[in-house]
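Single-letter residue listing:
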Amino acid sequence: MKDLKSQASRSTTPGKGGLTPEIQSRIGHQLRAMYDDVVRQGVPDRFAELIKKLDAPGGGSQSENGAGGSNDNNGRD
C-alpha cells in the first residue's frame, strides 16, 4: 500500500481526486489476480450439494427438511 501512496504523491495530472492511469492499471491487475484465484478454488462441496437440492423438483421446501430443519429463520420465510 505504501508503494501506491508514494506513486500517487509523485504522479502528474491525476485529476481532481482521481487516480492516474498507471495506478488504475495496477489495481485492475491485482483485482484480476484475486478474482482468478477465487475462480480456481471452485465451489465448495456443501454449496454444490445445496444447489443440487434447490434445483431438484420441490427442492428447498421445509417438508423435506422437517419442521424447522437446520435453517435458522425462526419460522419466517
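Per-chain numbering applies: the sequence of each chain, read as written, is numbered from 1 onward. In keeping with the model being predicted, local features are shown solely for residues with a pLDDT of at least 70 and side-chain atom pairs are shown and tallied solely at 80 or more, while totals for entire chains, interfaces and linings include all residues. Based on all heavy atoms of the structure, the side-chain values leave hydrogens and waters out of the count.

As annotated in an unreviewed UniProt entry, the protein chain carries the name Anti-sigma factor NepR domain-containing protein and is attributed to Bradyrhizobium betae.

### What about the confidence of the model for the protein chain?
Cut-off, in case you're wondering: Residue-level confidence of the predictor, termed pLDDT, takes values from 0 up to 100. Helix numbers and strand numbers start at the N terminus; a helix is a DSSP run of H or I with at least 4 residues, a strand a run of E with at least 2. By definition in these notes, contact holds between two residues if any of their heavy atoms fall within 4.5 Å.
Put simply, the protein chain has an average pLDDT of 75, and 55% of its residues get 70 or more. In the model of the protein chain, helix 4 (residues 62-65) stands out as the element of lowest mean pLDDT, 50, in contrast to helix 2 (residues 21-41), which has the highest, 95. Contacts for the low-pLDDT stretch residues 63-69, under 50 throughout, to residues beyond four places or in other chains number three contacts.

### Thoughts on the pattern of salt bridges
Inclusion rule: Between Lys or Arg on one side and Asp or Glu on the other, a salt bridge is scored when a side-chain nitrogen of the former is within 4 Å of a carboxyl oxygen of the latter. Only protein chains enter the calculation, and the probe is 1.4 Å; a residue is then buried if its accessible area is under 20% of its type maximum, exposed if over 50%, and partly exposed in between.
Counted according to the given criterion, the structure contains one salt bridge. Salt-bridge contacts for R40 lead to D37; the nearest nitrogen and oxygen are separated by 3.8 Å. Residue R40 and its partner D37 are both found in helix 2; the two are separated by three residues, about one turn of the helix. Here R40 falls in the exposed class, since its relative accessible area comes to 64%. Taking the relative accessible area as the measure of exposure, D37 reaches 39% and is therefore partly exposed.

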